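Structural description and commentary
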Amino acid sequence: MKSWLLGAERGFMLPVQASSVAPAVDALFKFIFWVSAFFFLLIVGLMLFFVVRFRRRPGYQKPTEAPSHNTFLEITWSVIPLVLVMIMGFWGFKVFLDLNTPPANAYEVQVTGQKWKWLFTYPNGHVDETLHVPVDQPVRLVMTSEDVIHSFFVPAFRVKRDVVPGRYTKLWFRATKVGTYPVFCAEYCGTGHSDMLTTVEVHEPGGFERWLEAASNLLNTLPPAEAGRRLYQTRGCAQCHSVDGTGGIGPTLKGLYGHPVVLRGGNRVTADENYIRESILEPMAKVVAGFDPVMPTYKGRLKDQEITALVAFLKTLASEDKGPAEQGRE
Ligand code: CUA
């Protein structure tokens, strides 16, 4: 079989194969695809041919008595599809089992889906918005959702599974190629569904451990404002809050600190440390006018030290002498 039909690294219709199960999934997919394509062309081709060949012509004569059936033909066109669907069934079941049986020594990462981002919690407690994994090691994801049903999808790994509130779903893979691959949400989950993107970074041997070590010590190794900026980028704030004054799902953070904010109902508050802290932990307490109350709480998910770092970062955004950047649009 030609390599572009089976097991090619990058076919004309499928993304790069970057996990141990990808070749098997692709081979099965291509088998089903080409069998279907073959029979589609055969059946539609013959049908068109017969329509033209046996059309009614001038001098049409009533057909003579034809045989009512042909046992050999009927068994043939029953047995061939039966064999083909049995192959698809057993082959599919085998790949399904492989996809659902993680090796016992798999490295475990907790995944949280929420509107509209992914959070990955590593065994040492570090939380990140990007999935980092070591190459050539089985990784098992234990996934749950904060709100609605999402679906975790890594095309390059050929794995996809629903992420459901109130229960854990699991998924495993062994990445086989160092690189960065896109992660999608594959279940429509509201306004920000198509923005629910992140990446999985496959590290070379040893690189994953170095990354985890460095990422976990962010707060101890960086000045608070810089650590806050990293938290802003990695913990989901950036998904909804811009830092350059542009609008988003949530109000921009530019020029926020120290300035008055108009709330729903018309009250005004000054965005000081306590307001920012409260808005992170209890987002529904003071909703900015013109925005929907859609922010999830970060209670239990940001440590005090991290909130302090975020406040320090927001202070750097307020330093320009611009006004309150009109928080609260009508
Ligand atoms: Cu989450 Cu779509």
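Residues numbered from 1 in each chain as written. Predicted model: local features only at pLDDT ≥ 70, side-chain atom pairs only at ≥ 80, totals over all residues. Heavy atoms only, no water.

**Remarks on the packing of helix α1 (residues 22–53) against helix α2 (residues 71–100)**
Here is the rule we go by: Only the stretch in contact is used when fitting a helix axis, every axis being a line fitted to C-alpha atoms; angles between N-to-C directions are given from 0 to 180 degrees. In this description a helix means any DSSP run of H or I spanning at least four residues, a strand means any run of E spanning at least two, and both kinds are numbered starting from the N terminus. The scheme is simple: roughly parallel for angles under 35 degrees, roughly antiparallel for over 145, roughly perpendicular for 65 to 115, oblique for anything else. Left-handed is the label given to a crossing in which the near helix is rotated counterclockwise from the far helix by less than a right angle, and right-handed is the label when the rotation is clockwise. Residues are treated as being in contact if the distance between any of their heavy atoms lies within 4.5 Å. The nonpolar class holds Ala, Val, Leu, Ile, Met, Phe, Trp, Tyr, Cys and Pro. Asp, Glu, Lys and Arg form the charged class, and all remaining residues, Gly among them, are polar.
For the pair α1 and α2, interaxial distance at closest approach is 10 Å and the crossing angle is 160°. For the element pair α1 / α2, the angle class is roughly antiparallel. Pair α1 / α2 crosses with left-handed handedness. Residues Ala-24, Val-25, Ala-27, Leu-28, Phe-31, Ile-32, Val-35 and Phe-39 of α1 touch α2, and the partners they reach there are Ile-80, Leu-84, Ile-87, Met-88, Trp-91, Gly-92, Val-95 and Leu-99. Here the residues of the contact of α1 with α2 sort into 15 nonpolar, one polar and no charged.

**A short note on the domain arrangement of the chain**
We count it as follows: Segment limits for the domains were obtained from an automatic or database-derived domain assignment. We define buried area as the total accessible area lost by two parts upon association, computed with a 1.4 Å probe and summed across both. Salt bridges are defined as contacts in which a side-chain nitrogen from Lys or Arg sits within 4 Å of a carboxyl oxygen from Asp or Glu. Polar contacts, as counted here, are pairs of nitrogen or oxygen atoms within 3.5 Å of one another; within protein the pair requires one atom able to donate a hydrogen and one able to accept it, and residues that are adjacent in sequence qualify only if both atoms are side-chain atoms.
Taken domain by domain, the chain consists of domain 1 (2–43 + 70–99), domain 2 (107–216) and domain 3 (223–317). Taken over C-alpha atoms, the centre of domain 2 sits 25 Å from the centre of domain 3. Taken together, the eleven residues of domain 2 in the interface contact nine residues of domain 3. The junction of domain 2 with domain 3 conceals about 960 Å² of combined surface from both sides, 48% of it contributed by carbon and sulfur atoms. When residues of domain 2 are sorted by the area they lose upon contact with domain 3, Trp-116, Lys-117 and Glu-129 head the list and together hold 44% of the total. The tally of links from domain 2 across to domain 3 stands at zero salt bridges. There are three residue pairs in polar contact (both at pLDDT 80 or more) connecting domain 2 and domain 3. At the level of secondary structure, the elements contributing two or more residues to the side of domain 2 that touches domain 3 comprise β2 (117–121) and β3 (127–128).

**A closer look at the pattern of salt bridges**
According to the stated counting rule, one finds 13 salt bridges in the structure shown. Glu-278 serves as the salt-bridge partner of Lys-286, at 2.7 Å between the closest nitrogen and oxygen. Put simply, Glu-226, Arg-229 and Arg-230 are held in one network by salt bridges that share partners.

**Some words on the nonpolar core**
Applicable threshold: Residues enter a nonpolar core if they are buried and are Ala, Val, Leu, Ile, Met, Phe, Trp, Tyr or Cys, with the set joined through side-chain atoms within 4.5 Å. Burial classification: accessible surface area is computed with a 1.4 Å probe over protein chains only, and a residue below 20% of its type maximum counts as buried, one above 50% as exposed, and the rest as partly exposed.
By size, the foremost hydrophobic cluster in this structure holds 35 residues, and its most contacted members are Trp-118, Leu-131, Leu-141, Phe-152, Phe-157, Phe-173 and Val-200. The leading source of residues in this core is helix α3 (residues 207–216), at four residues. Inspection of this core shows a minimum of three residues originating in each of domain 1 (2–43 + 70–99) and domain 2 (107–216).

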